[in-house]
Amino acid sequence: MRLTQIFAAAAIALVSTFAVADDAADKAIRKSLENLQLDVPVETITASPLPGLYEVKLKGSRVLYASADGQYVVQGYMFQLKDGKPVNLTEKTERLGVSKLINEIPVAETVVYPAIGETKSHITVFTDTTCPYCHKLHAEVPELNKRGIEVRYVAFPRQGLGSPGDEQLQAVWCSKDKKAAMDKMVDGKEIKAAKCDNPVSKQFALGQSIGVNGTPAIVLADGQVIPGYQPAPQVAKLALGAK
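This is a predicted model, so every value here is computed, not measured.

## Overview of the sheet that holds strand 8 (residues 121-127)
Across the sheet, 5 strands lie side by side as 7-9-8-10-11; this open sheet has mixed pairing. On the outer flanks of this sheet lie strand 7 (111-113) and strand 11 (225-227), each paired with one strand and no other. This sheet shows a mean twist of 20° between the axes of neighbouring strands, independent of strand direction. Both strand 10 (residues 217-220) and strand 11 contribute to a ladder of 3 bridges, which runs antiparallel. Bridging across to strand 11, Ala217 finds its partner in Pro227. Each of strand 7, strand 8 and strand 9 (149-155) is contacted by helix 5 (residues 164-173), which is oriented at about 125° to strand 9, the strand it contacts most. Across the sheet, helix 7 (residues 200-209) is in contact with strand 8 and strand 9; its angle to strand 9 comes to roughly 105°.

Structural data, given as structure tokens:
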């Protein structure tokens, strides 16, 4: 059963006096998750802010919650009310995970469009050269650069590996000047590049692991994922607020 098939719940009733040692809870929760066949590795299991409930971080930043005995597993948002205002703790944790994964991508493995003047922030964009809305966003990259936003492209062939988009992206990443190759490819021009070891499949898998399922997908510096095209002024506003 895949992760999306787990029943999403808003709350869980726990007996407050129930307590299990952390190591025992870890083993019990891992055993229960194995039975669920999530197809996603568990990275860490730690105590959540809510007593009796454990936070389960999956590879790719997704978060679940489980009771100490592993009998209850919850997929959903946990909110904390601070001064009467809700804080989405789940989203906060997931963003931190995404931010860590994205910022670990070597800059040399991306196609970079530097900010003009002072670099105020950066965005990472999962792109496909066959995607019309990616072309639309690409046309606004100079405006983002003028606003102090560095744009880093990573590859995400939206029709899968082996698709025309995959072939085009590999050609871009195998070019000596990736930036010039990207510009030409988006402009509809054919480029030729010898086959090489490239990160396209790795970046595609990374995108899938954090929930990207279409292009463009914009990831802000704080890990927030914005699916789909947004105009440059809106992207810049979000990016500067997330630095």
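## Here we look at the pairing of strand 2 (residues 53-58)
Within a regular strand, the side chains alternate between the two sheet faces. Of all 6 residues in strand 2, 5 are buried, a share of seventy percent or more. Looking at chain direction, strand 1 (residues 42-47) and strand 2 are connected through 5 bridges and run antiparallel. The residue of strand 2 that forms the bridge with Ile45 is Val56. Here strand 1 folds back onto strand 2, and the loop between the two strands holds 5 residues, one of which, Gly52, carries a positive phi near 90°.

## Quick look at the nonpolar core
Across soluble globular proteins, nonpolar side chains show a tendency to be buried alongside one another. In terms of nonpolar packing, the biggest core is built from 29 residues, with Ile123, Tyr153 and Trp173 touching the most fellow members. Among the elements of the structure, strand 7, strand 8, helix 4 (141-146), strand 9, helix 5, helix 6 (178-186), strand 10 and helix 8 (232-241) are those that each provide at least two residues to this core. Counting residues in hydrophobic clusters, the runner-up holds 12 residues, among them Ile105, Phe126, Val154 and Phe156.

## Some points on the confidence of the model for the protein chain
When the pLDDT values of the protein chain are averaged, the result is 87; 91% of them are 70 or greater. The low-confidence segment residues 1-21 (pLDDT under 50) makes 35 contacts with residues lying over four places distant or belonging to another chain.

## Here's the deal with the domain arrangement of the protein chain
As assigned here, the protein chain comprises domain 1 (15-76) and domain 2 (105-241). For domain 1 and domain 2, the distance between their C-alpha centroids amounts to 35 Å.

## Digging into the state of the cysteines
In total, this model carries 1 disulfide according to the counting rule given. The partner cysteine of Cys174 in its disulfide is Cys196, sulfur to sulfur 2.0 Å. With the S-S bond torsion at -95°, the cross-link from Cys174 to Cys196 turns out left-handed. With Cys174 in the loop between helix 5 and helix 6 and Cys196 in the loop between helix 6 and helix 7, the pair connects residues that are 22 residues apart, well separated along the chain. Since its relative accessible area comes to 16%, Cys174 is described here as buried.

## A few points about the sheet that holds strand 1
In spatial order, the strands read 1-2-3-4; together these 4 strands make up an open sheet with antiparallel pairing. Looking at which strands have only one partner, the edges of the open sheet turn out to be strand 1 and strand 4 (73-74). When strand 3 (residues 63-67) meets strand 4, the two strands line up antiparallel, connected through 2 bridges. Its bridge partner being in strand 4, Ala66 is matched across the sheet by Val73. Across the sheet, helix 2 (residues 89-103) is in contact with strand 2 and strand 3; its angle to strand 3 comes to roughly 125°.

Each value, and the rule that gives it
Residues numbered from 1 in each chain as written. Predicted model: local features only at pLDDT ≥ 70, side-chain atom pairs only at ≥ 80, totals over all residues. Heavy atoms only, no water. Pairing = 2+ DSSP bridges. Helix = DSSP H or I, 4+ residues; strand = E, 2+ residues; numbered from the N terminus. Axes fitted to C-alpha atoms, helices over the stretch in contact; angles between N-to-C directions. Contact = heavy atoms within 4.5 Å. Buried < 20%, exposed > 50% of the residue type's maximum accessible area, 1.4 Å probe, protein only. Core = buried A, V, L, I, M, F, W, Y, C linked by side-chain atoms within 4.5 Å. pLDDT = per-residue confidence, 0-100. Domains from an automatic or database assignment. Disulfide = S-S within 2.5 Å.

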